[in-house]
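# Observations on chain architecture
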Amino acid sequence: MRWQRTGLRALVVGLAVTMGLGVAGVAHATVYRVDEFKITESHFDFGDGRLHDVSGRPTDNGRLDWVMNTAGVWEPTLVGRIWINNARDECVRVQMTVEYDNGFIETYTDAGSDFCAPNGQTWFDDVNFRPVASQYVHAVTIKLQCAESSGDPWVTAGQSARYLEP
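One structure accompanies this document, and this report is about it.

Basis of the calculations
- Residues numbered from 1 in each chain as written.
- Predicted model: local features only at pLDDT ≥ 70, side-chain atom pairs only at ≥ 80, totals over all residues.
- Heavy atoms only, no water.
- Helix = DSSP H or I, 4+ residues; strand = E, 2+ residues; numbered from the N terminus.
- Buried < 20%, exposed > 50% of the residue type's maximum accessible area, 1.4 Å probe, protein only.
- Contact = heavy atoms within 4.5 Å.
- Core = buried A, V, L, I, M, F, W, Y, C linked by side-chain atoms within 4.5 Å.
- Phe/Tyr/Trp six-rings, centres within 6.5 Å; stacked < 30°, edge-to-face > 60°.
- Disulfide = S-S within 2.5 Å.

### A look at the overall build of the chain
Of regular secondary structure, the chain possesses one helix and 13 strands. Reading the helices (α) and strands (β) of the chain from amino to carboxyl end gives α-β-β-β-β-β-β-β-β-β-β-β-β-β. In the chain, buried positions account for 36% of the 166 residues. A separation of at least 24 residues holds for 64% of the contacts in the chain among residues at least 6 apart in sequence.

### Re the nonpolar core
One finds Phe37, Phe46, Leu78, Ile82, Met96 and Val140 to be the most contacted residues of the largest nonpolar core, which totals 27 residues. Of all the elements in the fold, those that place two or more residues in this core are β3 (44–51), β5 (62–68), β6 (74–85), β7 (91–100), β10 (122–129) and β11 (137–147). Not counting residues up to four positions away in its chain, the partners in contact with Phe37 are Phe46, Gly47, Asn61, Gly62, Arg63, Leu64, Leu78, Ile142, Ser160 and Tyr163.

### Looking at the packing of aromatic side chains
Given two aromatic rings, their pairing is described by the distance between the two centres and the angle made by the two planes. One pass over the structure, following the stated rule, counts five aromatic pairs. When the ring of Phe37 is compared with that of Tyr163, the centres are 5.5 Å apart and the planes differ by 35 degrees; the resulting orientation is tilted. One end of the pair, Phe37, is in strand β1 (residues 30–37); the other, Tyr163, is in strand β13 (residues 163–164), and 126 residues separate them in sequence. Judged on exposure class, the residue Phe37 and its partner Tyr163 are both buried. Three or more aromatic residues joined by ring pairs make a cluster, and in this case those are Tyr32, Trp66 and Trp74.

### Describing the state of the cysteines
Two cysteines, two sulfur atoms, one covalent bond between them: this is a disulfide. Across all of its chains, the model carries one disulfide by this definition. The disulfide that involves Cys91 links it to Cys116, with 1.9 Å between the sulfurs. Taking the sign of the torsion about the S-S bond as the criterion, the disulfide between Cys91 and Cys116, at about 95 degrees, is right-handed. Of this pair, Cys91 sits in strand β7 while Cys116 sits in strand β9 (residues 115–116), and the two are 25 residues apart along the sequence. Residue Cys146 stays outside any disulfide, its sulfur separated by 9.2 Å from that of Cys91, the closest cysteine.

Interpretation note: all reported values are geometric properties and have no functional meaning in isolation.
What follows is the structure, given as structure tokens:
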């Protein structure tokens, strides 16, 4: 009987050590800073929460999370919600303009946020957009774009401030 308890104890300790080593090897990204903001334009908004009953504007801010992954690389992440309010057949999407340390500027379009309102009611879509991972990211600007209908050219309805890396 003594051997069975010792053997069982050794087995449990061995499993705990093995699991502990496995868990310790898991690395996580770190959010260094969160820039909160809203973009509010006629019929188009970016923010979070819901639309205010009177103003028709988002009740909460959307955010730009400055995430650094385990390799030390920036992954700016846009999180929030876009709305079309009282606009029939009009379309909306978000873009992230990224400035790099060498002065190069690249614009990334979130195809997942691209949608059109089928009628004049209020429509929304959630945004979780992380288009780039680079150690050379210097600054980010978010653009809210609209089109009169599907297939029409996109124009910038509004944009955020320019957010510098932490």
